[in-house]
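Spelled out from the first residue to the last, the chains are:
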Amino acid sequence: MITTRTDVEIRPLTEDDQLAAAEMNRVAFGGPRRPAGEVERPAPQAGSTTWGMFDAGRLVSKVGDREQQHWFGGRPVPASGLAGVASSPEWRGGGNAARLLTRVLAEARTRGAAVCTLYRAVPGVYRRLGWEDTGVNTWMSYPTLGMSGLRVPEGYSVRPAGVDDLPTLAELYRRTAAEGNALLERSGPLFNAAPQEVLERYDGITIVTGPDGEVEGYACWERGTGYAVGARLSVAEFMARTGAAATTLLANLASWGNALPTISIWQPVGDRLSWAMPVDGTHESLHAWMLRVIDAPAAIAARGWRAGVSGGVDLELADEECPWNAGRWRLTVEDGQGRLEAGGSGAVRLNSRGLALLYAGGVSLAALRRAGLADGESTSDAFVEAAIGGPAPTLLDTF
């Protein structure tokens, strides 16, 4: 039986810890065994800190904390993105990883993060610590020849992207992110790649322009290997600002029909590319991601709220891992701004998972009550749901 250890050290990894971290990644996520001299050390990344738990100087668990932002209600919210969570097999269970994750949450709050997101493999571990599934991304596959009937609208055309186009594509993405919930703000140290490096991530980035010559969308794709049966085109990002732009890009992708019978497109919940498709798609794989609120008052103040909705509600929050969130609060919304102040009657009660789902948007308090994530009076439900507003949360980036 695994027991919780008390005589461990938790600290950021140093250069001397990188070989141990690389071996932990290999065992946790799979990979070929290599002689020690050939093992590639994980390169330090600006904007990201990897924390480790050490037993007598030996790395037994680790997690990366990424400094990032997510758009909620039209405003970017400071966040922590967790990545590379792994533990030695002998140290799984007994609450050991929970100690490390709880410490990282506290450290992320200290540097200003208000929420935390992660892509998960096993949900139970994170649910016990206050995260909850808030979105699912999926690879959807479509028969290429089934798209061959699409026609490019008059005045629209496509061309390959160049370095000079990247600022325009970044702004197009940012406009879309500001209209939704949870998409990453692609600025800061984690997004400082050289323009040529961005282009070289893919076999191609195809741009669509409208009748006025303005860029209305793009698709980032990789050709893959092979020909005919089993071969496919993978589209890692599909962004269109208009229906005509979406149709134009899909018609261009369909031109691969004679060589690649399948097109796979990475799609988040929310924008339904299937609305523009003349053929049904098939789910290939699902990737669920989770969110938790680290600092409730900061998170409430940072996000945008529905304009024209004003009012307040008394909340009582339960949160063992982030105890500074726990207690009774008064949520007030006015003129698109929200604030959370200590006090109130605690009329609506939420645990940390319920708060995460409510904050992310696209869910009702009634559904949270049915799931056991909220309880209390329902007279304020309409106000809360109207104030948060916005579409279901989505992510495009993985980490």
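This structure is a prediction, so every number in the text was calculated from the model and none was measured. (Residues numbered from 1 in each chain as written. Predicted model: local features only at pLDDT ≥ 70, side-chain atom pairs only at ≥ 80, totals over all residues. Heavy atoms only, no water.)

### Looking at the packing of aromatic side chains
Here the distance between the centres and the angle between the planes together describe a pair of aromatic rings.
Thinking step 1. Per the counting criterion, the structure on display carries five aromatic pairs.
Thinking step 2. Plain terms: the ring middles of Trp-139 and Trp-266 are 5.5 Å apart, the flat faces sit at 50° to each other, and that makes the pair tilted. Residue Trp-139 is located in strand β6 (residues 132-143), and its partner Trp-266 is located in strand β11 (residues 262-268); the two are separated by 127 residues in the primary sequence.
Thinking step 3. When its relative accessible area of 22% is taken as the criterion, Trp-139 is described as partly exposed.
Thinking step 4. Where Trp-221 meets Trp-256, the ring centres are 5.5 Å apart and the plane angle is 65°; that geometry is what we call edge-to-face. Of this pair, Trp-221 sits in strand β9 (residues 215-222) while Trp-256 sits in the loop between α6 (243-253) and β11, and the two are 35 residues apart along the sequence.
Thinking step 5. Of the residues examined, Trp-256 reaches a relative accessible area of 23% and is grouped as partly exposed.
Thinking step 6. Positioned above the aromatic ring of Tyr-173 is the side chain of Arg-186, whose terminal nitrogen or guanidinium carbon lies 3.7 Å from the ring centre.
Thinking step 7. The ring of Trp-305 carries Arg-303 above its face, with NZ or CZ at 5.2 Å from the centroid. (Phe/Tyr/Trp six-rings, centres within 6.5 Å; stacked < 30°, edge-to-face > 60°. Helix = DSSP H or I, 4+ residues; strand = E, 2+ residues; numbered from the N terminus. Buried < 20%, exposed > 50% of the residue type's maximum accessible area, 1.4 Å probe, protein only. Lys NZ or Arg CZ within 6 Å of the ring centre and 35° of its normal.)

### A few points about the pairing of strand β8 (residues 204-209)
Thinking step 1. For β8, a buried count of six out of six residues is recorded, marking the element as mostly surrounded by other parts of the structure.
Thinking step 2. What you see with β8 is no split at all: Gly-204, Thr-206 and Val-208 on one side and Ile-205, Ile-207 and Thr-209 on the other are buried throughout.
Thinking step 3. In terms of strand pairing, strand β7 (residues 157-160) meets β8 through four bridges, oriented antiparallel. Within β8, the residue paired with Pro-160 across the bridge is Thr-206.
Thinking step 4. The pairing of β8 with β9 spans six bridges and is classified as antiparallel. Looking across to β9, one finds that Thr-206 is bridged to Ala-219. (Pairing = 2+ DSSP bridges.)

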